[in-house]
Amino acid sequence: MSRRSRKRRKRFSCRHRGFGQYCHRCASQQGLKQAKMKARQLERQQWEATFAEDQIDLRRLPRSIVLKTRRLLATLQQGVGYWQLGGKRLHQEREAIKIPVTDRYRLLCGQENGEIAPLKVLSHEDYNPLVRSKRRILSSFLSRGSRKG
Ligand SMILES: [Zn+2]
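As a starting point, this report considers the structure included with it. Residue numbering note: each chain is counted from 1, following its sequence as written. Only residues with pLDDT of 70 or above have their local features reported here, since the model is predicted, and side-chain atom pairs are shown and tallied only from 80 upward, although totals for entire chains, interfaces and linings are computed over all residues. Heavy atoms from the whole structure form the basis of all side-chain values; hydrogens and water molecules are not counted.

## Points about the overall build of the protein chain
Helix and strand assignments follow DSSP, with helices taken as H or I runs no shorter than four residues and strands as E runs no shorter than two, numbered in order from the N terminus. Assigned secondary structure in the protein chain consists of four helices and six strands. The helix and strand sequence of the protein chain, counted from the amino end, reads β-β-α-α-β-β-β-β-α-α. Working definition: with a 1.4 Å probe on protein chains only, accessible area under 20% of the residue-type maximum means buried, over 50% means exposed, and in between means partly exposed. Taking all 149 residues of the protein chain together, 30% fall into the buried category. Every residue pair with non-hydrogen atoms within 4.5 Å of one another is taken to be in contact. Expressed as a percentage of contacts within the protein chain between residues at least 6 apart in sequence, the contacts between residues at least 24 apart total 30%. Accessible surface for the protein chain amounts to roughly 11,300 Å². Of this, 48% is attributable to carbon and sulfur atoms. For the accessible areas, the method is Shrake-Rupley and the probe is 1.4 Å, while residue cover comes only from the protein chains on display.

As structure tokens, then:
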């Protein structure tokens, strides 16, 4: 660093001292902040893009639940039985199956021609009123067209 006289240093509006037209300390801080923001934005875009490949819509779920559900879906696709994953048929609707994702989240599936079709991930809060309601659970999801072809 060159030794310039103290006299030429000025105080900028940010109260830092330095040379030149603007405060380089603040400018580099600003640049760092912008780079961080850009990186975060990119990371977010990349995360958003991953949802396009999911069998069912997993947006709006916590990240850890999304990742766990993806592993579960992949395991199901490999032909592992739902019962091996702790899944159970619903008492009130035998063709509906729930598979635990975590303690709080369940993957709701339907069964078509003996094949498991994932429908939706439900939290306890979503799930309990649904089970208590008189409405058929599967039809409420199938008619909504939330499934992807
Ligand atoms: Zn400054």
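We are not done yet, so read on.
## Overview of the packing of aromatic side chains
Between two aromatic rings, the relevant description is the distance of the centres plus the angle of the planes. Stacked, tilted and edge-to-face pairs are distinguished by plane angle, under 30 degrees for stacked and over 60 for edge-to-face with tilted covering the rest, among Phe, Tyr and Trp rings (Trp via its six-membered ring) whose centres lie within 6.5 Å. For the coordinates displayed, the defined rule picks out two aromatic pairs. Pairing Trp47 with Phe51 gives two aromatic rings, centres 5.3 Å apart and planes at 80°, and the pair type is edge-to-face. The buried category is assigned to Trp47, whose relative accessible area is 16%. The ring of Trp47 carries Arg70 above its face, with NZ or CZ at 5.3 Å from the centroid. Put simply, a charge is over a ring when the Lys NZ or the Arg CZ is close to the ring centre, within 6 Å, and near the line of the ring normal, within 35 degrees. Directly above the ring of Phe51 sits Arg70, whose terminal nitrogen or CZ lies 5.2 Å from the centroid.

## Let's talk about the pairing of strand β4 (residues 96-100)
Here, a strand pair is defined by DSSP locating no fewer than two bridges between the strands. Relative to β4, strand β3 (residues 88-89) runs antiparallel, the two sharing two bridges. Of the residues in β4, the one forming a bridge with Arg89 is Ile97. Linking β3 to β4, which pair antiparallel, is a turn of six residues. Pairing geometry for β4 and strand β5 (residues 105-112), over five bridges, is antiparallel.

## Observations regarding the sheet that holds β4
Taken together, the four strands give an open sheet; going across it, the order is β3-β4-β5-β6, and neighbouring strands pair in antiparallel fashion. Only two strands of the sheet have a single partner each, and these edge strands are β3 and β6 (115-123). Judged from the eight bridges that link them, β5 and β6 form a sheet pairing that is antiparallel. If you follow Gly110 over to β6, its bridge partner there is Ala117. Angles here are taken between N-to-C directions and fall from 0 to 180 degrees, while the axes themselves are lines fitted to C-alpha atoms, restricted in helices to the stretch in contact. Packing against the sheet, helix α3 (residues 124-132) makes contact with β4, β5 and β6, and its axis sits at approximately 110° to β6.

## Focus on the packing of helix α1 (residues 24-50) against helix α2 (residues 63-77)
For the pair α1 and α2, the least separation of the axes is 12 Å and the interaxial angle reads 40°. Crossing of α1 against α2: the hand is left-handed. Along its contact with α1, which presents Glu43, Trp47 and Thr50, the element α2 presents Arg63, Val66, Leu67 and Arg70. Split into classes, the residues belonging to the contact of α1 with α2 amount to three nonpolar, one polar and three charged. Left-handed describes a crossing whose near helix is turned anticlockwise from the far helix through less than a right angle; right-handed describes the clockwise counterpart. Gly is placed with the polar residues, together with every amino acid not listed as nonpolar (Ala, Val, Leu, Ile, Met, Phe, Trp, Tyr, Cys and Pro) or charged (Asp, Glu, Lys and Arg).

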